[in-house]
Amino acid sequence: MTSTQERPADAVESEIGKSRRRKEDQRLITGRTRWTDNIQLTGMLHLAMVRSPYAHARITAIDTSEAKTAPNVVTVLTGADVSDDQGTLITAWPITTDQKSPAHPPMAVDRVAFAGEVVAVVAARSAAEARDAAELVDVDYEELPAALDLKQAAEADADHGVLAHPDLGTNKAAFWQLDSAAQGSGGSVDEAIATARADGIVIEREYRQQRLIPAFMEPRSVVVDPTGEQITVWSATQIPHIVRFALAATTGVPESKIRVIAPDVGGGFGGKLQITPEEWIAFCVARRLGRPVKHTETRSESLMAGHHGRDQWQKLTLAATKEGRVTALKVDLLADMGAYAALVGTGVPVLGAWMFNSIYKFDAYQFNLTPVYTNKTWVDAYRGAGRPEATYAIERLMEELAAEVGKDPLEVRALSWIKHEEFPFTTVAGMTYDSGNYEAATAKAKEMFGYDELRAEQKRRRESNDPVQLGIGVSTFTEMCGLAPSRILGQLNYAAGGWDHADIRMLATGKVEVVTGTSPHGQGHETAWSQIVADRLGVPFEDVEVLHGDTQVSYHGMDTYGSRSLVVGAEAVVRAADKVIEKAKPFAAHLLEASVDDLEFTGGRFTVRGTDKDLGIQDVALAAFTGHNLPDGAEPSIDASASFDPENFSFPHGTHLCAVEIDTETGGVKMRKYVCVDDVGTIVNPMIVEGQVHGGLVQGIAQALFEEAVHDESGTLVSASFVDYLVPTAADLISFETGHTTSPSTYTKLGTKGVGEAGTIASTPAVVNAIVDAIRHFGVNDVQMPCTPARIWKAIHDQGGGGGEPTPGDAMPHFDEQDVADRTAGADDGGAR
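Residues numbered from 1 in each chain as written. Predicted model: local features only at pLDDT ≥ 70, side-chain atom pairs only at ≥ 80, totals over all residues. Heavy atoms only, no water.

Caption draft 1: Quick look at the sheet that holds strand E11 (residues 258-261). The strand order across the open sheet built from 7 strands is E3-E5-E1-E12-E9-E10-E11, with neighbouring strands paired in mixed fashion. The open sheet has two edge strands, strand E3 (73-78) and E11, and neither has a second partner. Strand-to-strand twist across the sheet, computed as the mean angle between neighbouring axes with direction ignored, equals 20°. Bridging between strand E9 (residues 221-225) and strand E12 (residues 293-296) involves 4 bridges; their strand directions are antiparallel. The residue bridging serine 221 from the neighbouring strand is threonine 296, located in E12. Contacting strand E10 (231-235) and E11, helix H8 (residues 240-251) crosses the sheet at an angle of about 150° to E11. (Pairing = 2+ DSSP bridges. Helix = DSSP H or I, 4+ residues; strand = E, 2+ residues; numbered from the N terminus. Axes fitted to C-alpha atoms, helices over the stretch in contact; angles between N-to-C directions. Contact = heavy atoms within 4.5 Å.)

The following block contains the structure:
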């Protein structure tokens, strides 16, 4: 039998490595997408949340009578009304068996622990009427002392200081340690540091990771319809499968009776990796009323009550030889959890534990973590989740080491990094890196950047006392992608697994349906997965459709976060495709009247070795569907499913170089050049990778220069709008130059490594290193992020630089932050303002 379906002339051209335009974009850019807030159901009610204005207070009374009589209000519920049902929101990663985790009711009953916590909900016929009625709910509070300062909170106990949750008797959630000597992956860190103090170099620094807000484009939204056989939940979430499990676990509704759909989701960055109070409240209200309900948060609610990220103090000790080769690293980390443990909140800094050593060959290492509760918005994953914080620390330290020994920062790094011929390499933290080539990525970045020429220009500016100084920042990084394997996660007390699942359905018409357990929200899975399947099965790219984000369609999955989708989810797709080919072989052999052993498969066609007899896999799918001529005992389908649980993380890496100009008279920053060369393994779609890198760079640079969530002395978030929380626009940045080297992963069939967080992880230290490099000759060795013009100016003048010791009339606060901002406003593109 020969094929009746003609194949395009370019059908055998590889899809891997092709810059396909994203399938998703047509509906997104033409307004035909379906956000959760766009969903309209018959009889649907709208919810508005009543939130606490206090960071810590006792609820003494709630009067809902006036709100209940407001126009078109159907019900008003308080935490007390649902206290018997609501229980506590789940925590998936208590990092120790004795971790202290306060109960986290979706609606506060008798006490609030942060400003923005929900105390009541109003259901009305329109969103405007619900919001108006929410203003009429009268809540009496008895304000309590609030734990707001991270360091002070860490010192508090039942006898002194302020406790975020007095019933816990402490603000410390746990203590978690990784010690190279204890686990046999290195020596004693204290002995190595003592040796360096006697005959080497010891550098001690303390760095602040400011609090950030994910600030995704689409505010969180949830719709719940309880009127069918199942309760259907639409949610702007990254994790529909996990939301379904959590709702079942906390409400008693059988999981089979809950369907969760993540429609088009407008960004997440970790901020939608959460089981939110609003999801539970909407689910509860819908069940009580027997009617569909919707809640969509305002932007201020999103910034105030959605979880935040980062917020750490890092106390670091680096030991090295006199020549600059690193020997030991000790990390003492305080991590602000905010008011609650969140879904994986205490686990986020643990993810950084294996990355502080980065690409360097340390002899000894110790990581000590203390997560601390405060009366601020809860903290959880934000793009990079633990790895940006670790990379920032080690790359800042390597810059300090280079300054101490008087060598070029790249030269110092090369003394200690893992050489390409040494892979696979087990680090001092006990993690085995499978592949990499730091030398190649650095050499390419250095050439693209014009490194030597910029260093020469820097020298000329310094010698001439130019008021605009040039700084060059370096960041050579690696990260770990794909939270896995499941057995290791279990040993780390993580509640879920690291696997993912895919199904491939070969339709009779020749089309292919791919069902994936990942849940994209801007990453381009529909396009990349189509390319992978088209390449594997030899079918046209246009014939592949990817289904996702609906637990009724995709029964199994672990969703999307931590750069896991390609290295875990797509690997499940690859394995399912390979199973389709193996299932199709007996059918093809039967139809071609040949032995299975004589068949070859390439370009979507089975051929009989040594003959011109062939058959397309799409023809096999049709033959299986009709069932007219099947092998004996065969079932009429070549569909296949596969799950994949990685044996290890994957480890992308890269070298990022940044040049900035600093006006020493104003502290103004202008980005001059940014070059990055990333090794993310095999690249499926270069256009998508480019977009992921650019987006990541912007978020990392934003931490360095712009963004900070600020609470006042009472615990109120004062940066609760985009007027005060500075998210950069294209006008604030420059064009980036990107490049790639490739060392395929040995843990995946495709050789992919992950790319979604690389730019964010590497860019922050590159920018800050450049800023410090520009003004180091004034005696400055750090500027706390975000590096605003005022902070840079103050750092220079605190050291007597910038044209000499400022006179009293020129000193801060006369020349205050607003003055500096005014002077630098309207600078060239790239100016921080």
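Caption draft 2: Layout of the sheet that holds strand E22 (residues 599-602). Strand order in this open sheet of 3 strands is E22-E23-E24, and the pairing throughout is antiparallel. Strands with a single pairing partner mark the edges of an open sheet, and in this sheet they are E22 and strand E24 (614-616). Direction aside, neighbouring strands of the sheet carry axes that sit 20° apart on average. Taken together, the 4 bridges between E22 and strand E23 (residues 605-608) define a ladder with antiparallel strand orientation. The residue of E23 that forms the bridge with glutamate 600 is threonine 607. Contacts between helix H18 (residues 565-592) and the sheet are confined to E22, E23 and E24, with E23 contributing the most and set at about 45° to the helix. Of the strands in this sheet, E22, E23 and E24 touch helix H19 (residues 617-626), which is tilted by about 75° from E24.

Caption draft 3: The arrangement of helix H12 (residues 387-405) in detail. In a regular helix each residue adds 1.5 Å, so 19 residues correspond to 27 Å; H12 covers 27 Å between its end C-alpha atoms and thus fits that length. Residue glycine 406 follows H12 closely and has a positive phi angle near 75°. (Expected span 1.5 Å × (residues − 1).)

Caption draft 4: Looking closely at the packing of helix H17 (residues 525-537) against H18. The N-to-C vectors of H17 and H18 enclose an angle of 30°; their axes lie 10 Å apart at closest approach. Viewed along their axes, H17 and H18 form a crossing whose handedness is right-handed. Judged by residue contacts, His525, Trp529, Ile532, Val533, Arg536 and Leu537 of H17 engage Ser565, Leu566, Gly569, Ala570, Val573, Val574, Ala577, Asp578, Val580 and Ile581 from H18. When the residues that make up the contact of H17 with H18 are grouped by side-chain class, the tally is 11 nonpolar, 3 polar and 2 charged. (Left-handed = near helix turned anticlockwise from the far one by under 90°. Nonpolar A, V, L, I, M, F, W, Y, C, P; charged D, E, K, R; others polar.)

Caption draft 5: Quick look at the pattern of salt bridges. Counted by the stated rule, this structure contains 54 salt bridges. Linking glutamate 600 and arginine 609 is a salt bridge whose minimum nitrogen-to-oxygen distance equals 3.0 Å. Given a relative accessible area of 44%, arginine 609 falls into the partly exposed group. Each member of the salt-bridge network shares a partner with another, and the members are Glu13, Glu15, Lys18, Arg20 and Glu542. (Salt bridge = Lys/Arg side-chain N within 4 Å of Asp/Glu carboxyl O. Buried < 20%, exposed > 50% of the residue type's maximum accessible area, 1.4 Å probe, protein only.)

Caption draft 6: Representation of the state of the cysteines within the structure. With the rule as written, the count across this model stands at 0 disulfides. Not engaged in a disulfide, the cysteine cysteine 481 finds its nearest cysteine sulfur in cysteine 676; these two sulfurs lie 15 Å apart. When its relative accessible area of 1% is taken as the criterion, cysteine 481 is described as buried. (Disulfide = S-S within 2.5 Å.)

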